[in-house]
Amino acid sequence: MTSHWADLRRDKDIERLGVMADEVRFLVSEAEIELDPQSQVLDRDWITRVVDRVSATLSIMVIGQVSSGKSSLINSLLGRKLLITDSKPTDGVVAVLNPLDEGAPEEYAERVWSDGTNTRFESVEHAVQFLRQQKALSEQQVACREVRLYLREPLLRRLRLINTPGLADRLQAFEDVTLRYLREDESDLVLWTFYPESAGNAGEAGVFARALADRREAVLGVVTRSLEDRDDDPEYDPHHDPRLTGPGGVVDVLRENLGAHLTDIVLYDSHEARQLVARQQQKPALAADSDFQRELERCGYLPLRRALDDLVGPFGERIERSRVRLLLLRCAGHAKELADVLGTAKNEFRRRAAFSRAYLDEWARLERDVIEPGRTQMRDEIRTVAAERAPELTSLYGRVSADTVLEHFTLVRTLVGEAANWVGAGESAAERLDRQIRSAIARAEEESSFWERVNVRGVCVADEHLRRLQQDLRDVGRLEAPADGGEGEGAAVPLGRPGADAQEAANAAAAIAGTAAAKAAAAAWGKLTAQQAAQEAAKEAAKEAVKKASKESTKHTAKALVGTVLTVFFAALTAADFRKLVKDFGKDRDALAGKLRARYAAEEANFAGRIFDHLAAPAERRLEQALRSPRASLAHRAQDVALWEEKAARAQRVRDQLTALAHDFTERAGR
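Residues numbered from 1 in each chain as written. Predicted model: local features only at pLDDT ≥ 70, side-chain atom pairs only at ≥ 80, totals over all residues. Heavy atoms only, no water.

Engineer: Residue-level account of the overall build of the protein chain, with values.
Structural biologist: A count of helical and extended segments in the protein chain gives 22 helices and nine strands. The buried share among the 671 residues of the protein chain stands at 48%. Looking at the protein chain alone, contacts between residues at least 24 apart form 80% of all its contacts between residues at least 6 apart. Here the protein chain has roughly 32,600 Å² of accessible surface; of this, 50% comes from carbon and sulfur atoms. (Helix = DSSP H or I, 4+ residues; strand = E, 2+ residues; numbered from the N terminus. Buried < 20%, exposed > 50% of the residue type's maximum accessible area, 1.4 Å probe, protein only. Contact = heavy atoms within 4.5 Å. Areas by Shrake-Rupley, 256 points an atom, 1.4 Å probe, with all protein chains shown as cover.)

So this is what it looks like as structure tokens:
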């Protein structure tokens with residue numbers, strides 16, 4: 001074991017513990033674990049404060065049950081009645097008695113709050129009153145870590161005294177203060193006070209013994225009030241009183257129950273000792289008075305001083321060894337506490353990684369079992385709508401195209417158009433017929449509101465599908481949210497507003513149907529079919545008519561034909577020929593109208609496909625838009641899995657290092 005405090009200032013293991021403590025605080029913060037505000041894990045100055053005890057004054061802590069004589073003992077050591085004594089609980093806060101700096105004008109006191117801030121009292125007397133439970137609000141006392149008294153006392157030049165709230169206090173919080181001080185080893189020696197009638201009871205032994213488990217050779221038992229009601233009897237010596245020292249007496253009971261923790265036991269009377277010490281302070285010559293020294297022996301003052309000297313050892317060597325051992329054990333305990341906290345942090349990191357992984361797995365299942373089957377069902381329903389609407393559209397196109405041919409496709413118009421087109425002076429008959437059919441179809445579509453009705457039906461199908469999808473995701477896709485926030489417990493995967501109201505559906509339909517581009521794209525194939533059919537029929541009919549006319553006008557130039565082709569054409573024909581030509585053209589026109597109706601009827605399946613494409617595209621876009629937000633989080637979830645798993649592994653590595661370090665500290669303390 002390291003034998004000198006100075007060596008511990010440069011101890012590599014303690015330095016490593018400080019570095020790892022910072023790492024633990026970072027990981028605990030990342031895991032968002034709430035710790036007790038008094039936890040050593042949160043104390044960034046713990047290592048510094050502990051090692052600074054190297055140069056600290058020797059510290060003695062006084063502990064014991066309520067009204068066991070703790071305050072009276074301290075008063076007797078000082079030779080003055082400083083702390084309030086009472087049969088009821090008195091001290092609710094730890095009181096630390098420190099030496100007053102040389103040159104300080106007067107004694108003073110201050111309170112140290114739980115957050116480390118200090119507040120100075122008006123006077124030492126005010127501080128003493130604050131320590132008294134019945135004179136101060138318990139809430140203020142619990143919020144106070146300790147009260148420091150800076151006194152001009154010769155004894156305090158060599159040591160400092162720490163008085164603690166009693167065990168079995170009226171408030172558990174006061175008892176916890178004492179136990180925390182014991183666990184943090186804020187002292188070199190412990191004086192454990194006992195009232196004779198209740199010395200070494202099971203409750204006291206159990207609580208304090210656990211807190212003092214690591215303080216071998218540093219705890220002195222003090223039985224107080226040993227001269228009670230006998231102080232005026234000079235012949236009475238408590239060391240010869242069977243009730244105290246005989247078989248089954250108080251000392252025997254203490255050795256039997258607490259012998260593993262107590263280095264020695266002293267019989268002491270605080271009231272008598274305080275008076276004698278005060279007399280000696282006034283008359284130093286009494287130190288050579290044998291009768292006076294016997295009185296100090298009888299009241300236990302001299303035995304207590306000898307016991308303290310034995311604990312400290314020659315030149316303080318024993319107490320230094322005890323300090324080193326306690327510091328190493330404190331470091332071991334600190335490392336264990338850090339390791340335990342890291343175990344909690346590691347479990348939290350793994351829980352978060354597992355949640356994110358489960359989220360990804362659940363979404364993969366939803367895509368496979370819910371979303372894709374739902375998409376297929378939606379497309380099937382849209383395909384059904386398209387098949388139902390296709391006959392209406394083919395009938396409309398066929399009827400309008402045929403009516404247009406019958407109305408506008410005449411022999412004279414055809415001949416004039418072809419002649420003009422031949423010499424480059426106008427559109428062909430086929431082009432004119434195509435334009436007329438196109439215009440008639442557009443008017444018929446507008447009047448019948450075909451595409452508006454189709455689009456509204458498509459929006460309704462998409463709405464219904466998104467409603468069902470939302471419900472399916474609620475039923476099978478509920479995921480529990482992590483503790484740090486997120487989707488919230490039991491929250492369904494968000495899908496925006498798949499169930500839009502009627503106005504939204506109408507607006508969506510109007511937006512689609514109201515654009516010329518959308519309508520043109522939807523009807524393009526059908527119009528192209530009409531155009532091709534009209535052009536084909538018109539070109540054949542016009543070709544024959546012009547061929548006949550051209551035979552009679554081969555002597556004229558192309559330019560002259562522009563003005564005279566019809567005149568020549570009609571002049572060259574006999575009445576019989578003209579009647580035959582008109583009759584033949586009429587047959588061809590009727591055949592063309594019938595051919596258009598048949599062509600559209602034959603293309604019904606293709607029209608259904610075009611309607612499906614027109615409706616499926618916006619429905620798919622709505623579905624993808626609804627899923628965009630939850631899907632966008634999947635990449636982050638995958639990153640979260642890797643992040644939390646890495647942090648869990650990091651926490652485990654540091655935890656293993658801390659566990660090994662705690663073992664090393666414990667071994668060094670036991671050497």
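From this point on, the discussion continues.
Engineer: Can you lay out helix 12 (residues 290-298) for me, pointing to particular residues and giving the numbers?
Structural biologist: Within helix 12 the residues assigned to the buried category are Phe 292, Leu 296 and Arg 298. The buried residues of helix 12 occupy an angular sector of 165° when projected down its axis, which confines them to one face. Immediately downstream of helix 12, the backbone of Gly 300 shows phi near 95°, a positive value. (Arc of directions from axis to C-beta.)

Engineer: Give me the sheet that holds strand 8 (residues 219-223): which residues, what numbers.
Structural biologist: The strand order 4-3-5-2-6-1-7-8-9 describes an open sheet built from nine strands, whose pairing is mixed. The open sheet has two free edges, formed respectively by strand 4 (118-120) and strand 9 (264-267), since each of these has just one partner strand. This sheet shows a mean twist of 25° between the axes of neighbouring strands, independent of strand direction. Of the strand pairs in this sheet, strand 2 (residues 95-99) and strand 5 (residues 144-151) are connected by five bridges, and their pairing is parallel. (Pairing = 2+ DSSP bridges. Axes fitted to C-alpha atoms, helices over the stretch in contact; angles between N-to-C directions.)

Engineer: Could you give an account of helix 4 (residues 70-78), naming the residues involved and the relevant values?
Structural biologist: Taken across its nine residues, helix 4 has eight buried, putting it largely inside the fold. Taken together, the buried positions of helix 4 are Lys 70, Ser 71, Leu 73, Ile 74, Asn 75, Ser 76, Leu 77 and Leu 78.

Engineer: Kindly report on the pairing of strand 5, identifying the contributing residues and their values.
Structural biologist: Counting buried positions along strand 5 yields six of eight residues, so the element is predominantly enclosed. When strand 3 (residues 108-113) meets strand 5, the two strands line up antiparallel, connected through six bridges. Bridge assignment links Tyr 108 to a residue of strand 5, and that residue is Tyr 150.

Function-wise, these values are silent; they only describe arrangement.
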